[in-house]
Amino acid sequence: MDSRQIKEEIKSAYDEIAPVYLNWTQSSHQIRLAHLDIMLKQLDSSSPSSQKNILELGCGAGVPCTQVLAARKDIHVTANDISETQIAMAKEQLLPASSSVELIQGDMMALEFAPAQFDAVLGMYSIFHLPRDEQTTILARIFHWLKPGGLLLANFAAEPFASLSDPSWLGGTRGGMHWSSWGRDKIKTIITALGFEVQVDEVVVDDEENVAFHWVLARK
């Protein structure tokens, strides 16, 4: 299956199951927010008074991380998701109450930004949906998009596998869900080879999925 078909299926799946997915992810919110807090504390320490631009790849319905970022007056958020339904739900959660959020629907690989535009880029439970070669590419683009000293916060599957699919994930009947993984050692090698300095490198088992995820916080 080629990359285009994989993404069409992922989009269709998330468009269908978005409300179910939002409820299902409740158990992971504490993990997400704990890592987001670490990242924000580093940002605040390095640039306490400046306006910050943050990109979120795979924002879902905007809960909980986009909400936290949007509540800060010193942060502008550019939030992307492949699913039209997810973006529509994020608009309900975040807009028009917050003018500091820009929502972009589409494949993250189609995004284009100027170099050194963002202070931080998030990719929680999202980058691992890309085929492995595209994961390498998006990480290089993220490095390009980040300002010097900017931060990458992302998680990946801890174990390596070329591809994994589930046509009926979370009860979906349209499309299908797909994942791939370089594994912890390889993805860390890729990140450091790009020029990142890894700040956090840990594996956390998600209780809901009983899956080990590799969490990385890295500085350009």
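Located above this text is the structure these notes cover.
Residues numbered from 1 in each chain as written. Predicted model: local features only at pLDDT ≥ 70, side-chain atom pairs only at ≥ 80, totals over all residues. Heavy atoms only, no water.

Caption draft 1: Quick look at the overall build of the protein chain. Along the protein chain, the regular secondary structure elements total six helices and nine strands. A globule of 220 residues ought to have a C-alpha radius of gyration of about 17 Å, and the protein chain, at 16 Å, matches this closely. In terms of overall dimensions, the protein chain has C-alpha extents of about 50 × 40 × 35 Å along its principal axes. When each of the 220 residues of the protein chain is scored for burial, the buried share is 51%. Here the protein chain holds 18 positive side-chain charges and 28 negative ones, and the gap between their average locations is 7 Å. (Helix = DSSP H or I, 4+ residues; strand = E, 2+ residues; numbered from the N terminus. Rg over C-alpha atoms; globule rule 2.2 N^0.38 Å. Buried < 20%, exposed > 50% of the residue type's maximum accessible area, 1.4 Å probe, protein only. Lys, Arg positive; Asp, Glu negative; His and termini not counted. Charge placed at Lys NZ, Arg CZ, Asp CG, Glu CD.)

Caption draft 2: Fine view of the pairing of strand β9 (residues 211-219). By the criterion of burial, β9 is predominantly enclosed, with seven of the nine residues buried. Strand direction decides the pairing type here: strand β5 (residues 146-157) and β9, joined by seven bridges, are antiparallel. Paired with Leu 151 across the strands is Arg 219, a residue of β9. Both strand β8 (residues 197-206) and β9 contribute to a ladder of nine bridges, which runs antiparallel. From the neighbouring strand, Asp 201 faces β9, where its bridge partner is Val 216. (Pairing = 2+ DSSP bridges.)

Caption draft 3: The arrangement of the pattern of salt bridges in detail. Evaluated as defined, the whole model comprises 14 salt bridges. Between Arg 72 and Asp 74 there is a salt bridge, with the nearest N and O atoms lying 2.8 Å from each other. Several salt bridges share partner residues, and in doing so they unite Asp 44, Lys 52, Arg 72 and Asp 74 into one network. (Salt bridge = Lys/Arg side-chain N within 4 Å of Asp/Glu carboxyl O.)

Caption draft 4: Here's a closer look at the packing of helix α5 (residues 132-145) against helix α6 (residues 184-194). Relative to each other, α5 and α6 sit at 30°, their axes nearing to 10 Å. Of the two elements, α5 crosses α6, and the hand of that crossing is right-handed. Contacts between α5 and α6 involve Gln 135, Thr 136, Leu 139, Ala 140 and Phe 143 from the former and Ile 187, Ile 190, Ile 191 and Leu 194 from the latter. Here the residues of the contact of α5 with α6 are counted per class, giving seven nonpolar, two polar and no charged. (Axes fitted to C-alpha atoms, helices over the stretch in contact; angles between N-to-C directions. Left-handed = near helix turned anticlockwise from the far one by under 90°. Contact = heavy atoms within 4.5 Å. Nonpolar A, V, L, I, M, F, W, Y, C, P; charged D, E, K, R; others polar.)

Caption draft 5: Region of interest: the sheet that holds β9. One open sheet holds the seven strands; their spatial order is β3-β2-β1-β4-β5-β9-β8, and the pairing between them is mixed. On the outer flanks of this sheet lie β3 (101-105) and β8, each paired with one strand and no other. Neighbour to neighbour, the strand axes of the sheet diverge by 15° on average, direction disregarded. Alignment of strand β4 (residues 118-123) against β5, held across five bridges, turns out to be parallel. The residue of β5 that forms the bridge with Phe 118 is Leu 146.

Caption draft 6: Representation of the nonpolar core in the model. Residues Met 39 and Ile 54 are the most contacted members of the largest nonpolar core, which totals 40 residues. Here Ile 54 is in contact with Met 39, Leu 40, Leu 43, Leu 69, Ile 75, His 76, Val 77, Thr 78, Phe 118, Ala 120 and Leu 122, once residues within four sequence places are set aside. Counting 24 residues, the second-largest nonpolar core is a separate cluster that includes Met 108, Val 121, Ile 142 and Val 216. (Core = buried A, V, L, I, M, F, W, Y, C linked by side-chain atoms within 4.5 Å.)

Caption draft 7: Spatial organisation of helix α4 (residues 84-94). Residues of α4 that are buried: Gln 86, Ile 87, Met 89, Ala 90 and Leu 94. Seen along its axis, α4 keeps its buried residues to an arc of 160°; they face one direction. On its buried face, α4 is in contact with α1 (3-24), α3 (65-70), β2 (75-81) and β3. (Arc of directions from axis to C-beta.)

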